[in-house]
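Working through the structure, step by step
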Amino acid sequence: MKCQRTACGRDIPEDALFCPYCGKKQQRTAAPKPRKRANGKGSVYRRGKSWCAQSRIYRGGVLVFERIKGGFPTRAAAEEYLDRYTRTGVAPRSMRLIDCWMALQETKKWQALSKDKRSHYGTAWRRLEQVQMQVVGQIPFKVLQELTDAAPGDYYAHRDIKTLLGKLYEVAVTSEALDMAQDKTALIELPPVPDSERDAYTVDEVHGMWRAYRAGDDLARYALILCYTGMRPGELMQLNLTNIDLQQQRIVGGIKTAAGKNREIPIATAIVPLVAEAMQVATHGLADGCREHFYDRWCPSVERWGGRPHMTAHSCRHTLATAMEAAGVPVLLQKLILGHAVKDITQHYSRHQPFEDKLAAVERATAIFNEDVGS
């Protein structure tokens, strides 16, 4: 190398710290530091003769998603890909359904959803396992309709799948990975909405539940608990077991509206042993399995106890409501037991109705179901 002093400029040894002719100190230049990409923008590294682009998503410090794409001829090409991917959440025109699912959970709309609604969509997402890794624009509409039709559960379970697909495709459209005209999720057909007049189990069907329960059908046990308490299936799966008092025959729980939350739910004498059994095996609230497992077993169980095929788990709630109406239970008392809103200000003070009155009302209304208990 040459001396860095212009007036000298002589050739000197490569490792010389000072020029042996003029004494000038030779300044060493540090090797350029590799460029570091900003957080959330992914990373680029060399692998063999090509470059790789890597993007990761962390939630609560835990890696929940990772995407690695290789084969880029230059570092600049890999960085250009990452810039597009991290800006839209996907490489243009190659957004998979799972990419939409991850992006959806980062939106404000998702964060505003209740825990119960997120759980419903989580179940719907698992129903779409067959197409989760497929590119959104390449999934045939026929496949989406078939997946919706094949899902177990009632009308509302099918509706959750259609609604979730609509949200996922909306993410793809806003990410410019799909044209709006390609979103045909609104055309997915749903089964008929259950007729509310038929949406309650008959006395014979409840007797069939008792027979199935005594024959060892565990799901019939939960069906009876729902019929006698009027709880929603989601409420059953979110109960805190410490809020169940078998001696007082009372459950404190509920979801949905303010009137439904933390209400007093009477436990009729006939089902006290059933609730006690359920508490011994409970893993999800009072149930022995997750929501998906619960609904997977529902339809076969209905068939075993002789119920009508279209009847759902939510029909149990209507069963108690119908029984209370037939037994002449006052409308206000029905609302308090089921957790319906009481809008009349004069009725607001009636929320302090003694629990004994609620229990007596349920005992009277469900007495007709007990005729087959001991047979």
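A brief report on the enclosed structure follows.

Definitions and cut-offs
Each chain has its residues counted from 1, running along the sequence as written. Note on the predicted model: pLDDT of at least 70 is required for a residue's local features to be given, and 80 or more for side-chain atom pairs to be given and counted; whole-chain, interface and lining totals, by contrast, use all residues. As a rule here, side-chain values cover all heavy atoms of the structure and leave hydrogens and water aside. Residue burial is assigned from relative accessible area. The probe radius is 1.4 Å, only protein chains are included, and a residue is buried under 20% of its type maximum, exposed over 50%, and partly exposed in between. Secondary structure follows DSSP: runs of H or I at least 4 residues long count as helices, runs of E at least 2 residues long count as strands, and numbering of each begins at the N terminus. The term nonpolar core refers to a set of buried residues drawn from Ala, Val, Leu, Ile, Met, Phe, Trp, Tyr and Cys, joined through side-chain atoms within 4.5 Å. Note on contacts: a residue pair is in contact if any heavy atoms of the two residues lie within 4.5 Å. One requirement defines pairing of two strands: DSSP has to find at least two bridges between them. Here a pair means two rings of Phe, Tyr or Trp (six-membered ring of Trp) with centres within 6.5 Å. Their orientation is stacked below 30 degrees between planes, edge-to-face above 60, and tilted elsewhere. The rule for a charge over a ring is simple: NZ of Lys or CZ of Arg within 6 Å of the ring centre, and within 35 degrees of the ring normal. Here the expected length of a helix is defined as 1.5 Å per residue gap, with one fewer gap than residues. Criterion for a salt bridge: a side-chain nitrogen of Lys or Arg within 4 Å of a carboxyl oxygen of Asp or Glu. Angles run from 0 to 180 degrees between N-to-C directions of axes, and those axes are lines fitted to C-alpha atoms, restricted for helices to the stretch in contact.

**What to know about helix H2 (residues 97-104)**
For H2, a buried count of seven out of eight residues is recorded, marking the element as mostly surrounded by other parts of the structure. For H2, every residue scored as buried is listed here: Leu97, Ile98, Asp99, Cys100, Trp101, Met102 and Leu104.

**Focus: the nonpolar core**
The biggest cluster of nonpolar side chains holds 52 residues, and the ones touching the most others in it are Tyr201, Tyr228, Phe294 and Trp298. Looking at this core, the elements with two or more residues in it are helix H7 (203-214), helix H8 (218-229), helix H10 (272-281), helix H11 (291-304), helix H12 (315-326), helix H13 (331-338) and helix H15 (355-366). With nine residues, the single largest contributor to this core is H8. Contact partners of tyrosine 201, with chain neighbours within four places excluded, come to Val206, Met209, Cys227, Trp298, Val302, Trp305, Arg308, Met311, Thr312, Ser315, Cys316 and Thr319.

**Quick look at the pairing of strand S5 (residues 250-253)**
Of the two faces of S5, only the one carrying Ile251 and Gly253 is buried; Arg250 and Val252 on the other face are not. Relative to S5, strand S4 (residues 244-245) runs antiparallel, the two being bridged by two bridges. Across the sheet, the residue bridging to aspartate 245 is arginine 250, located in S5. Adjacent in sequence and paired antiparallel, S4 and S5 are bridged by four residues, among which glutamine 249 carries a positive phi angle near 55 degrees.

**Examining the environment of threonine 319**
Its place among the elements puts threonine 319 in helix H12. Here the alpha-carbon distance between threonine 319 and leucine 226, two residues 93 residues apart in the chain, equals 8.8 Å. Setting aside chain neighbours within four positions, we find threonine 319 in contact with Ala200, Tyr201, Val206, Cys227 and Phe369.

**Focus on the packing of aromatic side chains**
One pass over the structure, following the stated rule, counts 11 aromatic pairs. Their ring planes at 80 degrees and their centres at 5.4 Å tell us that tryptophan 101 and tryptophan 110 sit as a pair that is edge-to-face. The class of tryptophan 101 is buried, set by a relative accessible area of 10%. Here the aromatic rings of tryptophan 210 and tyrosine 213 are separated by 6.1 Å at their centres, their planes lie at 80 degrees, and the arrangement is edge-to-face. Placement of both tryptophan 210 and tyrosine 213 in helix H7 is noted, with a separation of three residues, approximately one turn of the helix. Here the two residues tryptophan 210 and tyrosine 213 agree in accessibility, since each one is buried. One aromatic cluster in this structure is built from Tyr201, Tyr222, Phe294, Trp298 and Trp305. Above the plane of the ring of tyrosine 21 lies arginine 10, whose end atom (NZ or CZ) is 4.7 Å from the centre. When the ring centre of phenylalanine 355 is taken as origin, the NZ or CZ atom of arginine 250, which lies over that ring, is 4.9 Å away.

**Quick word on H12**
Taking 1.5 Å per residue, 12 residues should reach 16 Å; H12 reaches 16 Å between its end C-alpha atoms and fits that length. Taken together, the buried positions of H12 are Ser315, Cys316, Arg317, Thr319, Leu320, Ala321, Ala323 and Met324. Note on H12: the residue one or two positions beyond its end, glycine 328, has a positive phi of about 80 degrees.

**Notes on the pattern of salt bridges**
Using the criterion set out here, one finds 12 salt bridges in the structure. Put simply, arginine 232 and glutamate 235 hold a salt bridge, and the shortest N to O gap is 2.7 Å. For arginine 232, a relative accessible area of 12% translates into the label buried. Counted as one network, the salt bridges with shared partners bring together Arg232, Glu235 and Arg263.

**What about the sheet that holds strand S6 (residues 263-266)?**
Reading across the sheet, the three strands line up as S4-S5-S6 and stay open at both edges, with antiparallel pairing between neighbours. What marks the edges here is a single partner per strand, and that holds for S4 and S6. Running at roughly 40 degrees to S6, H15 makes contact with S5 and S6 of the sheet.

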